[in-house]
Amino acid sequence: MARRPIAIVAALVLVVEAVGIVVLNAVMARFVEAQSMSLDGLDPDAMVTGTWALGIVSGVLLALCATVALVAAVRDRRPGRAGRALLIGCAVIHGLLGAVTVGLVGWGAFAFMMVVLGLIVLTLVAYSPSGDATPEGEPTPA
């Protein structure tokens, strides 16, 4: 089965997405700072700090998800309980953001989000307990 390539591709796409999210938030923070923008009277400096924080935290979480997928591929074993929970949460977020991006950004962004969602779900399913290889000599479960 193609478990390893799927997990490696998922990890690579998640790393690229993590870098993209940080860069996108950095650009938005620069615009907010340069324009001295405010939302309903909030301090512009607080908005810049919040934008940076959101970008960095999102990037770190996506990089952590990529690490979980890469470790699963290298070990060729399913992630632990915390790793699976992290990947499931990442998949749910991608599904929700995919639904939102259709209206805000367009179908191209939606397609990208669904590809990432599919890669994460394929990684989880490929390393499910029923997908694990059985030791030699033992019958495969029915």
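All values reported here derive from a predicted model rather than from experimental measurement.

Caption draft 1: Seen up close, the packing of helix 1 (residues 3-35) against helix 2 (residues 44-75). Remark: helix 1 packs on helix 2, axes separated minimally by 8 Å, with the N-to-C direction vectors making an angle of 170°. The pairing of helix 1 with helix 2 is recorded here as roughly antiparallel in orientation. Broken down by class, the residue content of the contact of helix 1 with helix 2 amounts to 26 nonpolar, 5 polar and 4 charged.

Caption draft 2: Representation of the nonpolar core in the model. By size, the foremost hydrophobic cluster in this structure holds 15 residues, and its most contacted members are L14, L62, C65, L87, C90 and I120. A per-element tally of this core places helix 2 first, with 5 residues. Not counting residues within four places of it along the chain, the set of residues in contact with C65 comprises L14, L86, L87 and C90.

Caption draft 3: Seen up close, the pattern of salt bridges. In total, this model carries 3 salt bridges according to the counting rule given. A salt bridge links R3 to D76; the shortest N-O distance between them is 3.3 Å. Of the two residues, R3 sits in helix 1 while D76 sits in the loop between helix 2 and helix 3 (81-104), which places them 73 residues apart along the sequence. When its relative accessible area of 9% is taken as the criterion, R3 is described as buried. On the basis of relative accessibility, which here comes to 27%, the residue D76 falls in the partly exposed class. Here E33 and R30 are joined by a salt bridge, their closest N and O atoms 3.3 Å apart.

Caption draft 4: Main features of helix 2. Here helix 2 is 32 residues long and its end C-alpha atoms lie 46 Å apart, about the 46 Å a rise of 1.5 Å per residue gives. Every buried residue of helix 2 is listed here: V48, T51, G55, G59, L62, C65, A66, V68, A69, A72 and A73. The secondary structure elements touched by the buried residues of helix 2 are helix 1 and helix 3. Looking one or two residues beyond helix 2, the residue adopting positive phi is D76, at roughly 55°.

Caption draft 5: Molecular detail of the environment of G83. Relative to the elements of secondary structure, G83 occurs in helix 3. Judged by its relative accessible area of 12%, G83 falls in the buried class. Each C-alpha atom of the pair G83 and V68 lies 5.9 Å from the other, and the pair is 15 residues apart in sequence.

Reading the values: the criteria
- Residues numbered from 1 in each chain as written.
- Predicted model: local features only at pLDDT ≥ 70, side-chain atom pairs only at ≥ 80, totals over all residues.
- Heavy atoms only, no water.
- Axes fitted to C-alpha atoms, helices over the stretch in contact; angles between N-to-C directions.
- Helix = DSSP H or I, 4+ residues; strand = E, 2+ residues; numbered from the N terminus.
- Parallel < 35°, antiparallel > 145°, perpendicular 65-115°, else oblique.
- Nonpolar A, V, L, I, M, F, W, Y, C, P; charged D, E, K, R; others polar.
- Core = buried A, V, L, I, M, F, W, Y, C linked by side-chain atoms within 4.5 Å.
- Buried < 20%, exposed > 50% of the residue type's maximum accessible area, 1.4 Å probe, protein only.
- Contact = heavy atoms within 4.5 Å.
- Salt bridge = Lys/Arg side-chain N within 4 Å of Asp/Glu carboxyl O.
- Expected span 1.5 Å × (residues − 1).

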